[in-house]
Amino acid sequence: MTISTEDASQLIFEALACGVAGERDTAIDKLNSVCEDADGPRMYGVCCALAEAGAHMLRRVYGDAAPTTPEDGMWVVQELQPGAMEDDPAKAFSMRFLIAWANGDRDTTDALFTAATRASNEQYIDSVCALFVDVIGITRLALDQQKTT
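Residues numbered from 1 in each chain as written. Predicted model: local features only at pLDDT ≥ 70, side-chain atom pairs only at ≥ 80, totals over all residues. Heavy atoms only, no water.

## Some thoughts on the packing of helix H3 (residues 40-62) against helix H5 (residues 89-102)
Rules: Geometry is summarised by axes, namely lines fitted to C-alpha atoms with helices restricted to the contacting stretch, and by angles between N-to-C directions that run from 0 to 180 degrees. Each helix is a run of H or I in the DSSP string that is no shorter than four residues. Each strand is a run of E no shorter than two, and both are numbered from the N terminus. Oblique is the label for any angle not under 35 degrees, not over 145, and not in the 65 to 115 range, which are roughly parallel, roughly antiparallel and roughly perpendicular in turn. The criterion used for residue contact is that any of the two residues' heavy atoms lie within 4.5 Å. Here the nonpolar group is Ala, Val, Leu, Ile, Met, Phe, Trp, Tyr, Cys and Pro; Asp, Glu, Lys and Arg are the charged ones; every other residue, Gly included, is treated as polar.
At a minimum axis distance of 9 Å, the contact between H3 and H5 shows a crossing angle of 70 degrees. It follows from the interaxial angle that H3 and H5 lie roughly perpendicular. Together, Tyr 44, Cys 47, Cys 48, Ala 51, Glu 52, Gly 54, Ala 55, Leu 58 and Arg 59 of H3 and Phe 93, Phe 97, Leu 98, Ile 99, Trp 101 and Ala 102 of H5 make up the contact between the two elements. Its residues placed into classes, the contact of H3 with H5 shows 12 nonpolar, one polar and two charged.

See the structure below:
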């Protein structure tokens, strides 16, 4: 049975909240309930919802001091460990998808998602999970910063 878009949105929000609260198993169960019977367009929507939450939190963390290119002010990924994303395709998908979404580059998010769906099923799942985990981490960072200000 496919759940409604409204119910899926609520479950994604709840999954993120559980993840941020450290309730790992509940977070996974809630995300899985959205993803287990989802088709390609629904999964793209899940990734976009996660990326929107992540982009919102990135703006809270960085404000106007975000890492951007000097030419056009687009958000960029600054690797703390050069080459790390080359060694971890799921992490590369997550960071590139999130930054493309934050930049409003829907052509790139679509292309990244399409490429992820053409990878092995394991890598595809790992990519979506990496996005979920990264958004949880960014949200925790934003909340920690809020506590100290």
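## Thoughts on the nonpolar core
Let me state the cut-off plainly: The term nonpolar core refers to a set of buried residues drawn from Ala, Val, Leu, Ile, Met, Phe, Trp, Tyr and Cys, joined through side-chain atoms within 4.5 Å. Note on exposure labels: buried denotes an accessible area under 20% of the residue type's maximum, exposed denotes more than 50%, and partly exposed covers the range between, all computed with a 1.4 Å probe on protein chains only.
Ranked by internal contacts, the top residues of the largest apolar core, which has 39 residues, are Val 46, Leu 50, Phe 97 and Phe 132. Looking at this core, the elements with two or more residues in it are helix H1 (5-20), helix H2 (24-35), H3, H5, helix H6 (106-118) and helix H7 (121-148). Examining the composition of this core, we find that 11 residues originate from one element, H3, more than from any other. In this view, Phe 97 contacts Tyr 44, Cys 47, Cys 48, Ala 51, Thr 109, Leu 112, Phe 113 and Leu 131; residues no more than four positions away in its chain are not counted.

## Concerning the pattern of salt bridges
Using the following cut-off: Whenever Lys or Arg places a side-chain nitrogen within 4 Å of a carboxyl oxygen from Asp or Glu, that contact is recorded as a salt bridge.
The tally for this structure, following the rule as stated, stands at three salt bridges. For Asp 25, the salt bridge goes to Arg 24, with nearest N and O atoms at 3.4 Å. Close ionic contact of Lys 91 with Asp 134 constitutes a salt bridge, the shortest N to O distance being 2.8 Å. With Lys 91 in helix H5 and Asp 134 in helix H7, this residue pair connects regions lying 43 residues apart in the sequence. For Lys 91, a relative accessible area of 31% gives the class partly exposed.

## Some thoughts on H6
Because the α-helix completes a turn every 3.6 residues, residues three or four places apart line up on one side. Operational definition: Multiplying 1.5 Å by the residue count of a helix minus one yields the expected span of that helix. Taken from the helix axis, the directions to the C-beta atoms give the arc we talk about.
When the terminal C-alpha atoms of H6 are compared, their 18 Å separation across 13 residues agrees well with the 18 Å that a helix rising 1.5 Å per residue should span. All of the buried residues in H6 are Thr 109, Leu 112, Phe 113 and Ala 116. Down the axis of H6, the buried set is contained in an arc of 95 degrees. They therefore lie on one face. Residues of H6 that are exposed and point over 90 degrees away from its buried face: Asp 107 and Arg 118. Along its buried surface, H6 packs onto H3, H5 and H7.

## Some remarks on the confidence of the model for the chain
The test is simple: Confidence per residue, as judged by the predictor, is encoded in pLDDT with a range of 0 to 100.
In this model, the chain carries an average pLDDT of 87, and 85% of its residues clear a pLDDT of 70 or more. Predicted confidence in the chain is weakest over helix H4 (residues 84-87), with a mean pLDDT of 70, and strongest over H6, with 95.

## Describing the side chain of Ser 94
Inspection of the secondary structure puts Ser 94 in helix H5. Filtering out sequence-adjacent residues up to four positions away, Ser 94 remains in contact with Ala 130, Leu 131 and Asp 134.

## A short note on H7
Under the 1.5 Å per step criterion, the end-to-end length of H7 is 41 Å for 28 residues, consistent within 8% with the ideal 40 Å. Every buried residue of H7 is listed here: Tyr 124, Ser 127, Val 128, Ala 130, Leu 131, Phe 132, Asp 134, Val 135, Ile 136, Ile 138, Thr 139 and Ala 142. Buried residues in H7 make contact with H1, H2, H3, H5 and H6.

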